[in-house]
Structure formats: C-alpha cells, structure tokens
Amino acid sequence: MKKRNVALWVYFAFLIMPIYWMLNTSFKTNDEILSYLHWYPHDFTVQNYVQIFTSPFWRRGFLNSIAFVSLNVLIVIIAAVPAAYAFSRWNFRGDKHLFFWLLTNRMAPPAAFIVPFFALYSNIGLFDTHIAVALAHALFNLPLAIWILEGFMSGIPRQIDETAFVDGYSFPRFFTKIFFPLISQGIAVAAFFAFLFSWVELLLARTLTSTVAKPITVTLSRSLGAGGWDWGVLAAAGVLTMVPGALVVYFIRNLMAKGFAMGRV
Amino acid sequence: MKNRAWWFLLPSLAVMSLSAFIPLMTVINYAQYSVFPGSAPQYIGMENFASVLQDPVFIGSLRRQVLFSFEVLLIEIPLGLGLALALPKKGKWVGWSLVLLGIPLLIPWNVVGIIWRVFTRSDLGAVPAMFNWFGYAGYNASLNSADAWWTVVAMDVWHWTPLVVLLCYAGLQAIPEEFYRAAKIDGASAWSTFIYVTLPKLRHALILAVLLRFMDSFKIYAEPFQLTGGGPGNSTTFLSIYTSRKAIGGFNMGFGAAVSIIYFFLVILISWLLYTAMLNVGGGNSK
C-alpha cells in the first residue's frame, strides 16, 4: 500500500517538474533567467504575459489556432457521423477494406505528406487559410472519429432504428430526435480527440500557413529559431498554450475515462 | 438500399480525397521522377528509391528511429501499466490524477519540446543543476549526443506514458470485481492473479497502447525538432526530421517523395507485425 503511493508521488513529481520550471521561468525577468538558477522567481514579474496580451502578433496566433481547430472539429464530426452510421448499420461491398484503408491514414506520417499537401493546396488556392489546415488535419482525425463513433453506434441495438421506422419516423427525424441524443456522448469523445490532435500538431500547420493563418505553435517555433530570444516571453507563451488543453481536460475528465474505456483512441 | 451506404460515406470520402488520397497519389507519382524546382520533371523509374536506400543518413535515421521506438515502448508500457495498477480505483484523487495525467497529452508538441529545452538547457535549466548536484557536471544536451538522446527519451516518456496509464486504467476499471473475488477464494497469490486474471483481460488495452505508441513514436517530429533540432550532429535526427529536411530543402522532390513512401510503408508494415505478434502471444487464454 505504502510503496505504491510513494511510486505515484515520485511519478507525479516527475510529471509536474518540467511544467513548474516553465511557469517559474515565465514569471522571471530575463536577467534573472540567464544569470541565476532560482527555484522560484525572486524578482516576480508578469511583464512577460503583459507583453503577449498586448501584442497583436501573439494574439493573432492564438485566434488562428482556435479557428482551424474548431473548423477541423466541425468538418470531422459532420463527415464522421454519417460514415460511422453506415459502417455500423449496413454491410456493403468493400466495407471492411474501406474501413481498414481509413485506419491506415491514422498511421500516415505527416512528414511524408508535406510536399503534396503544399502543392495541392497552393494549386486550389487554399494555401495559408484556416480551412487548409483543418482539412489537412482530417488526415488523422477523420479516421479516428469514424472509429470512435462506429464503436459507440455499434453499442446501440439495431432494434431502436427498426422500431422507430415502424412507428413511422422519417430518417432525418429519427436521426435528430432519437439517434443523436443516444450517441451525443460518443460525439463529445470524438470531438475531444479531434480537438486534441489538431491543437497539438505542428508540422502540417507550419507547412500550410505563412502569415495570415499562422497558428500560435508556429509563432512560438519561429521565434525560438531567431537568435537572442526572449526566454521569459517564450515561457509565458508556452504556458498560455497549455491553458485550453488543461481547461478541456478538467471539464471532460469523466467523459475521458469513458472514451478510453471504449478502447478506441 | 445498399447504395444508401455510399451516400452516407460521401462527405468522409470527399474530405479524405483532399487530405489523404490525392496527396498519396501525388507522392507516388513524384517518386518516379527527378523533380528539381524550375526544370521539367524527368522520369527515372525506381532510381529515387535506390538512392534513398543507399543514403547513409537515411539508414542512420531509420536505425535511430527503430531503436528509439522500441526503447520508449520498453519503458512506457511497463511503467504505464504499473502506474495504472497503483492509481486509486475510487475517491476524490481519481479525478485529479486523471486531470494531471491528461495535461501533457494536450500540450502542443513543439511546446513540449520548448518546455524540455527550457528545463534542460545548460544556461537556464533545472536539469543540469540537478545533475551537477549529484556529481555529473558535464550534462549538456546540445553538445553531448548521449545526453541529447536520453533527454529526448525522457521527454517522450514524460509526454506519452500518461496515455498508456489512461488506456490501462480504463481497461482495469472494466474488469468485474468477481474475477478477483474468485481468484482470492482459489487462494491465488497477488502475482498469479496478475498473470492469470488482470493481464489477459488487459490484452486489448495493451495491444492498443503498444500500437498507438509505436505509430506515434515512429512519426515523432516536433518535440526533438524543438529540443535538439536533430543534433548534435545527427544524433537525434529521426525519420520525420530527415524526411521533412529532404522534402523542403529545395532539393530533388522525387527523392523526398520516395523517402515518404518508404516511410509510410514501414509504419504500416511494423504496426501490422506488432499487431499479429501480440495477437498470437497469449492468444489462447483471451476472453
């Protein structure tokens, strides 16, 4: 009993330490960061955060990220719900192969796709738009969402559909009034994972944007490349990029356990 | 009636054609040409593939990538399973533990790299100071390749073990209490209960954890890119870093495309091998 608690505390300490160090750095002046190794800020300052909130350069990055992540979640859910319904309810020629092909895209390394993505989206005039990044992220998010939703839908007995049709429900009415409420939790789980993987991705987002749609992750990355960077601001921006994720995790912690229990991540 | 399914699939297929099918076909097409910006592409058949396989930097990154993926699997799977077993099953700490575990998973991947860079840099990080304190003064992740390697491994363990914990934890919650009671009545030791009750029931969750961790560690890009930039030298240049260098470098795009195809093929092949291997191991005592 005792031993396992010690192990857990050690692990959680390991989990928190790098994050604590980032927080610690974000409240220090650059002078303190570079000249002393203090375990907490002696010269406490929020200047780094003020600088971020007052600069349109950083603010735009945040807004761009939120824009393409929301678009991605929207596209993925709208496309995945009917597809998952088809896979869970009907047998049709090639369904197994198609399902498997969709899943292999979850394995596709984005690095392998950057050149064709760039070429394709430049040709159709979508380069440097939010929609381009949202579509590119569908590469791994759409198969995942179909997989998750198919699992949820297969858990709902077919008799429910049949009874509804016998009762004279039209398909759209059945879908919105009966089926949708039943799978709302599955949709929340799928949306959560789409949010997650779109929010954290860098490579495709960086390849497909230049100025207008540049996400916060790229802003951070590019700033780091330039020499003599302002570490305090960088740390503060890093801390801020953790906030949306932390909030989401906090609000859906119970759902998260459920989504993992479906065994489909 | 049967055709209705295709109407339902239409939106997904439309999206996937833009995000997967057309790009893949483009890569396959490029790979057979010598494509230099500003000049007409020249058909060269399989030559690109041959030169990829002969490129020592490619072979080096591939070897490093395989080693890295297996190292993190060997650390993260047992560690994640152990922690899932150690987590409380109910009570007020469950929610907080899950929140804490979820946080690293939701940090943008390059920010994970930045966090670890700030944490381990020799001029402003805590790690060199701690090593110094324990008597290892030479720690420097940007100069010493062994330090860089193990820092990237530690970062990946930090970043992804929570996923394994969550998967195993959910799997554990799904095992009915009766199984444990029955094992207790039969006088099974804690160890044999673990081997004969817990482990077989967790097989599905473990297969998933291994496959996901393999696929994603094999694709790792942003974290080492930000932490070490693939260096010092090429000591932390993984396949994705190599591939994107070749793809964007203003260099023969056909070569980059050939790298991409070999890379994609390898992920699918090794995932499939792992999957079949895991299905066969202990396949007898499942369900």
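Predicted, not measured: the structure shown is a model, and the values here were computed from it.

Overview of the overall build of chain B
Here is step 1 of the chain: Regarding its fold elements, chain B presents 13 helices and 2 strands.
Here is step 2 of the chain: In chain B, which comprises 287 residues, the proportion classed as buried is 42%.
Here is step 3 of the chain: Sequence separation of at least 24 residues holds for 72% of the intrachain contacts in chain B that already meet a minimum separation of 6.

Things to note about the overall build of chain A
Here is step 1 of the chain: When helices and strands are tallied, chain A shows 13 helices and 0 strands.
Here is step 2 of the chain: The helix and strand sequence of chain A, counted from the amino end, reads α-α-α-α-α-α-α-α-α-α-α-α-α.
Here is step 3 of the chain: Principal-axis analysis of the C-alpha atoms places the extent of chain A at approximately 75 × 60 × 30 Å.
Here is step 4 of the chain: Expressed as a percentage of the 265 residues in chain A, the buried residues total 45%.
Here is step 5 of the chain: Expressed as a percentage of contacts within chain A between residues at least 6 apart in sequence, the contacts between residues at least 24 apart total 80%.

Details of the interface of chain A and chain B
Here is step 1 of the chain: Counting from both sides, the interface comprises 75 residues of chain A and, opposite them, 70 residues of chain B.
Here is step 2 of the chain: The class makeup of the residues in the side of chain A that touches chain B is 63 nonpolar, 9 polar and 3 charged.

Notes on the nonpolar core
Here is step 1 of the chain: Judged by nonpolar contacts, the single largest core of 155 residues is most densely connected at A80, A145, I146 and L149 of chain A together with C168 of chain B.
Here is step 2 of the chain: With 17 residues, the top contributor of residues to this core is helix α7 (residues 130-154) of chain A.

Some remarks on the confidence of the model for chain B
Here is step 1 of the chain: When pLDDT is averaged across chain B, the result is 85; 97% of the residues are at 70 or more.
Here is step 2 of the chain: Across the interface, the model reports ipTM at 0.83; the global pTM reads 0.86.

As for the packing of helix α5 (residues 109-120) of chain B against helix α7 (residues 145-173) of chain B
Two numbers describe a pair of packed helices, the interaxial angle and the distance between the axes.
All names here are of chain B.
Here is step 1 of the chain: Relative to each other, α5 and α7 sit at 125 degrees, their axes nearing to 11 Å. With respect to α7, the axis of α5 lies oblique. In the crossing of α5 with α7, the sense of the turn from one axis to the other is right-handed. Residues V112, W116 and T120 of α5 pack against T151, M155 and H159 of α7.

Side note on the packing of helix α3 (residues 56-86) of chain B against α7 of chain B
Residues and elements named next belong to chain B.
Here is step 1 of the chain: Interhelical geometry of α3 versus α7 gives an angle of 45 degrees and a closest axis separation of 7 Å. In terms of orientation, α3 lies oblique with respect to α7. The way α3 lies across α7 gives a crossing that is right-handed. Contacts from E71, V72, I75, E76, I77, L79, G80, L81, L83 and A84 of α3 reach α7 at V153, D156, V157, W160, T161, V164, V165, C168, Y169 and L172.
Here is step 2 of the chain: Taken together, the residues that form the contact of α3 with α7 break down as 15 nonpolar, 2 polar and 3 charged.

Comments concerning unusual backbone geometry
All names here are of chain A.
Here is step 1 of the chain: Positive phi, close to 65 degrees, is recorded for D128, a residue that is not glycine.
Here is step 2 of the chain: Here D128 is to be found in the loop between α6 (110-123) and α7.
Here is step 3 of the chain: Residue classification places D128 among the partly exposed residues on the basis of 16 C-beta atoms within 10 Å.

Observations regarding the environment of F27 of chain A
Residues and elements named next belong to chain A.
Here is step 1 of the chain: The residue F27 is located in the loop between α1 (2-26) and α2 (30-35) in this model.
Here is step 2 of the chain: By the C-beta count within 10 Å, which is 20 here, F27 ends up buried.
Here is step 3 of the chain: Placed 22 residues apart in sequence, F27 and Y49 show a C-alpha to C-alpha distance of 8.4 Å.
Here is step 4 of the chain: With residues up to four places along the chain from it excluded, the contact list for F27 reads P41, F44, T45 and V46.

The rules behind these values
- Residues numbered from 1 in each chain as written.
- Chains lettered and ligands numbered in written order.
- Predicted model: local features only at pLDDT ≥ 70, side-chain atom pairs only at ≥ 80, totals over all residues.
- Helix = DSSP H or I, 4+ residues; strand = E, 2+ residues; numbered from the N terminus.
- Buried ≥ 20, exposed ≤ 12 C-beta atoms within 10 Å, placed from the backbone.
- Contact = placed C-beta atoms within 7 Å.
- Nonpolar A, V, L, I, M, F, W, Y, C, P; charged D, E, K, R; others polar.
- Core = buried A, V, L, I, M, F, W, Y, C linked by C-beta atoms within 7 Å.
- pLDDT = per-residue confidence, 0-100.
- Axes fitted to C-alpha atoms, helices over the stretch in contact; angles between N-to-C directions.
- Parallel < 35°, antiparallel > 145°, perpendicular 65-115°, else oblique.
- Left-handed = near helix turned anticlockwise from the far one by under 90°.

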